[in-house]
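# Chain and residue survey
Listed below are the residues making up each chain.
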Amino acid sequence: MRIGEATMGLLLILAAGAASGADVQPLRVGMAPNYPPLAFKQDGKLVGIEVDFAARLEKALGRPIVLVETEWEQLGPGLEVKSIDMVMSGTSITEARKEKFNFTTPYLEVGQMALVRTADFGKLRDPAAMDQPSSRVGFISRTTGDKWARETLKKAKLHAYGSTEEGVAALEADQIDFFIQDAPAVWRVTGGFKTSNPKLRGLYRPLTQEYLAWVVPKDDPQLLAELNAVLATWKKDGTIDDVLDDWITVRKTSIETKPPH
């Protein structure tokens, strides 16, 4: 587990608080840098939607925040062994995850979508094209996209990757025909901030309905209540949309931060 460079300023705040005798415990936030534009590395620093949310959350809670850079697979175990206090990492709410952890009010409604090469868009845009014996479909391992592909696609050849970058590279190299990822990542690749890729095109048909939220342990209802209060305020004053609009410039669906039914 590594402390990201983006945490240094927050750590300095913590040190200053300790020197002044302040008895405020830092909030240790687990974040996996493998999901642009939610959380990723740029010039060696953690950046993205969740990083911007964390900076605002520190002010809203009046509590120092330390970003703990963590591998995606270790976020849940980190909560369980108390090495982190919460997760801010573009996490989808699922029934299996709800059995172990509590989720805040969602801040973004998304779904899995697919990227294809622009040159192949015409022949792959048909919904039936994905599940064919000749189709090669990629996704990120141990995500909701992984689960959807394995449960839904019975004929296609499936390929798991460790990050969005790996999947996109495989798609560009003609190693796969479809790359499944959450909608924000598809929006980012095809038309987002400074990095839009004209060689790739999104199939803007949600394959699933999902909600992104922050994750807290079951035994910390006070933190859950505090976070939900902040999110309610941010929804009213526009903070959520302000942050999302900085990173996702081609959102195709409206933002509605309501719990899933």
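Residues numbered from 1 in each chain as written. Predicted model: local features only at pLDDT ≥ 70, side-chain atom pairs only at ≥ 80, totals over all residues. Heavy atoms only, no water.

This part takes up the packing of helix H2 (residues 49-61) against helix H9 (residues 221-237). Where H2 contacts H9, the two axes come as close as 11 Å, and the packing angle between them is 110°. Put simply, H2 runs roughly perpendicular to H9. Mapping the contact onto sequence places Phe53, Arg56, Leu57, Ala60 and Leu61 in H2 and Glu226, Leu227, Val230 and Trp234 in H9. Within the contact of H2 with H9, the residues separate by chemical class into 7 nonpolar, no polar and 2 charged. (Axes fitted to C-alpha atoms, helices over the stretch in contact; angles between N-to-C directions. Helix = DSSP H or I, 4+ residues; strand = E, 2+ residues; numbered from the N terminus. Parallel < 35°, antiparallel > 145°, perpendicular 65-115°, else oblique. Contact = heavy atoms within 4.5 Å. Nonpolar A, V, L, I, M, F, W, Y, C, P; charged D, E, K, R; others polar.)

Okay, the pairing of strand E10 (residues 112-117) next. In terms of burial, E10 is largely enclosed, as 6 of its 6 residues are buried. Because side chains alternate across E10, one face comprises the buried residues Gln112, Ala114 and Val116, and the other comprises Met113, Leu115 and Arg117, equally buried. Taken together, the 4 bridges between E10 and strand E13 (residues 178-182) define a ladder with antiparallel strand orientation. Looking at E13, one finds that Ala114 is bridged to Ile180. One ladder, built from 4 bridges, connects E10 with strand E14 (residues 200-203); its direction is antiparallel. (Buried < 20%, exposed > 50% of the residue type's maximum accessible area, 1.4 Å probe, protein only. Pairing = 2+ DSSP bridges.)

Read from one edge of the open sheet, 5 strands run E12-E11-E13-E10-E14, paired in mixed fashion. Among the strands making up the open sheet, the edge pair consists of strand E12 (157-161) and E14. Averaged over all adjacent pairs, the angle separating strand axes in this sheet is 30°, with direction ignored. Running at roughly 145° to strand E11 (residues 136-140), helix H6 (residues 144-152) makes contact with E10, E11, E12 and E13 of the sheet.

Moving on, we get to the sheet that holds strand E3 (residues 34-35). Taken in spatial order, the 3 strands line up as E3-E4-E5 in an open sheet, and their pairing is antiparallel. Taken across any chain shown, the strands that pair with only one partner, and hence form the sheet edges, are E3 and strand E5 (45-47).

Further remarks concern the pairing of E11. The buried fraction of E11 is high, at 4 of 5 residues. Both E11 and E12 contribute to a ladder of 5 bridges, which runs parallel. Note that in E12 the partner of Gly138 across the bridge is His159. Bridge count between E11 and E13: 2 bridges; the pairing is parallel. Across the sheet, residue Val137 finds its bridge partner in E13, namely Phe178.

The subject of this paragraph is unusual backbone geometry. Here the amide bond leading from Pro36 into Pro37 is cis, since omega sits at 0°, within 30 degrees of zero. Checked against the element boundaries, Pro37 lands in the loop between E3 and strand E4 (39-42). Backbone geometry at Asp43 places phi at a positive 55°, although glycine is not the residue there. If you trace the backbone, Asp43 turns up in the loop between E4 and E5.

This paragraph deals with the nonpolar core. Ranked by internal contacts, the top residues of the largest apolar core, which has 50 residues, are Phe53, Leu57, Met86, Met88, Tyr107 and Trp214. Examining the composition of this core, we find that 6 residues originate from one element, H9, more than from any other. Counting 15 residues, the second largest nonpolar core, distinct from the first, contains Ala114, Leu124, Ala129 and Ala156. (Core = buried A, V, L, I, M, F, W, Y, C linked by side-chain atoms within 4.5 Å.)

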